[in-house]
Amino acid sequence: MELDGKVAVVTGGTRGVGAGIARAFVRAGAEVVVCARRPPEVPLPGCRFVPLDVRDADAVGRLFTALPRLDVLVNNAGGAPHRLLTEAGADRHARVVELNLLAPMTVSLAAYEHLRRARGSIVMIGSVSGGRPSPGTAAYGAAKAGLESLARSMAVEWAPGIRVNTLVVGMVRTELAPLHYGDGDGVAAVARTVPLGRLAEPSDVGAAAVFLASEAAAYISGASLLVHGGGERPAFLDAATAGHTPAADKES
């Protein structure tokens, strides 16, 4: 799964999952460009930072016009604050969709010619929120569902020159984990709900992205790879057994 001599762009690549992906690509031998609105707080060795708001189509176009070559695009930039649907107007929710769905399409279109010439690949960073209810982040979940659908259509339209796949990512331990899951005890409690017993590390997502971008995945396109530690234990199992006692079990 080596990427020696390849050039990769990772959007939102300055922290969290994006930084983990960028580090993994550097370790695999790629030349990596990370872009975000703000520079990384801690420099990422082997990466070149370019300031970019992926919602700005003109700025996105300038970035890819200036690149001499591109082999891999990782559409990672995204996210959403926790906000119930009734707590904001439709325009606020539309901005979440813009960032998580429309911006990856904008970036992919700008990168198309480079990737076609290189017979390259695109890796979309999706979310389990796109395949299940996402209360508090409904617009985000809807956008991630759309992103996965977009990737499948792109994989057909742009074949055979460009491969397009999606990583469907579950819960990840990043510097922002306490905002989502609470203190250390909260993170540990959430981790216990994952079959593998822990949250993903950014490096786990990075390794999966490197695989999809590499020749090891040369015949994989239009696929969705689950990176979620086995998913979630079905709630009905615990509910169904909550009232059972040894005596009741013996009588049955």
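Residues numbered from 1 in each chain as written. Predicted model: local features only at pLDDT ≥ 70, side-chain atom pairs only at ≥ 80, totals over all residues. Heavy atoms only, no water.

A. Region of the structure containing the pairing of strand β5 (residues 121–127). When you tally the buried positions in β5, you get seven out of seven residues, the bulk of the element. A two-sided burial pattern is seen for β5, the buried positions comprising S121, V123, I125 and S127 on one face and I122, M124 and G126 on the other. Bridge count for strand β4 (residues 72–75) against β5 is four bridges, and the pairing is parallel. Bridging across to β5, N75 finds its partner in M124. In this region the chain leaves β4, passes through helix α3 (residues 90–118) and returns to the parallel neighbour β5; the handedness of that crossover is right-handed. For the handedness criterion, the β-α-β arrangement of β5, helix α4 (residues 138–157) and strand β6 (residues 163–169) is classed as right-handed. (Buried < 20%, exposed > 50% of the residue type's maximum accessible area, 1.4 Å probe, protein only. Helix = DSSP H or I, 4+ residues; strand = E, 2+ residues; numbered from the N terminus. Pairing = 2+ DSSP bridges. Right-handed = clockwise from strand over helix to strand, strands pointing away.)

B. Inspection of the environment of G126 at higher detail. Tracing the backbone through its elements, the reader meets G126 in strand β5. Put simply, G126 and A143 are 17 residues apart on the chain and 9.1 Å apart in space, counted from C-alpha to C-alpha. When near neighbours in sequence (up to four residues on either side) are disregarded, G126 contacts K144, L147, T166, L167, V168 and V169. (Contact = heavy atoms within 4.5 Å.)

C. Main features of the environment of E215. In this fold, E215 is placed in the loop between α7 (202–213) and β7 (224–227). Taking the C-alpha atoms as reference, E215 lies 6.5 Å from M1; in sequence the two are 214 residues apart.

D. The arrangement of the layout of surface pockets in detail. When its volume is computed, the second largest pocket comes out at roughly 330 Å³. Along its surface, the second largest pocket is lined by 19 residues, and G170, V227, H228, G229 and G231 are the ones closest to its centre. Each residue belonging to the lining of the second largest pocket can be placed in one class, and the counts come to nine nonpolar, five polar and five charged. (1 Å grid on protein atoms, 1.4 Å probe; cavity = no way out; pocket = protein on both sides within 12 Å on 5 of 7 lines; lining within 4 Å. Points joined across faces, edges and corners; volume = space filled by probe spheres on them. Nonpolar A, V, L, I, M, F, W, Y, C, P; charged D, E, K, R; others polar.)

E. Structural view of a positive patch on the surface. A cluster of basic side chains, namely R15, R37, R38, R92 and R95, defines a positive patch on the protein surface. Here R15 is to be found in the loop between β1 (7–11) and α1 (16–27). The exposure class of R15 is partly exposed, given its relative accessible area of 47%. (Patch = residues over 30% accessible without salt bridge, like charges linked within 9 Å, V, L, I, M, F, W, Y side chains within 5 Å. Areas by Shrake-Rupley, 256 points an atom, 1.4 Å probe, with all protein chains shown as cover. Salt bridge = Lys/Arg side-chain N within 4 Å of Asp/Glu carboxyl O. Lys, Arg positive; Asp, Glu negative; His and termini not counted. Charge placed at Lys NZ, Arg CZ, Asp CG, Glu CD.)

F. Local environment of the side chain of E148. For E148, the position within the fold is in helix α4. Apart from residues no more than four positions distant in its own chain, E148 is found in contact with T166, V168 and S224.

G. Inspection of empty space enclosed by the protein at higher detail. This model, assessed by the stated rule, comprises one cavity of 30 Å³ or more. Estimates place the volume of the largest cavity at around 50 Å³. Lining the largest cavity we find A80, P81, R83, H93, V96, G136, T137, A138, A139 and Y140. When residues of the lining of the largest cavity are traced back to their parent elements, those giving at least two are α3 and α4. Here the residues of the lining of the largest cavity are counted per class, giving six nonpolar, three polar and one charged.

H. Just α7, in detail. The end-to-end C-alpha distance of α7 is 17 Å, a good match for the 16 Å that twelve residues give at a rise of 1.5 Å each. Taken together, the buried positions of α7 are occupied by P202, V205, G206, A208, A209, V210, L212 and A213. Buried residues in α7 make contact with α1, β4, β5, β6 and β7. (Expected span 1.5 Å × (residues − 1).)

I. The arrangement of the packing of helix α2 (residues 57–66) against α3 in detail. At a closest axis distance of 9 Å, the pairing of α2 and α3 adopts a crossing angle of 25°. As judged from the angle between their axes, α2 and α3 are roughly parallel. In this structure, α2 meets α3 at a crossing whose hand is right-handed. Contact residues: A57, V60, G61 and F64 in α2; T106, V107, A110, A111 and H114 in α3. The residue inventory of the contact of α2 with α3, partitioned by class, reads six nonpolar, three polar and no charged. (Axes fitted to C-alpha atoms, helices over the stretch in contact; angles between N-to-C directions. Parallel < 35°, antiparallel > 145°, perpendicular 65-115°, else oblique. Left-handed = near helix turned anticlockwise from the far one by under 90°.)

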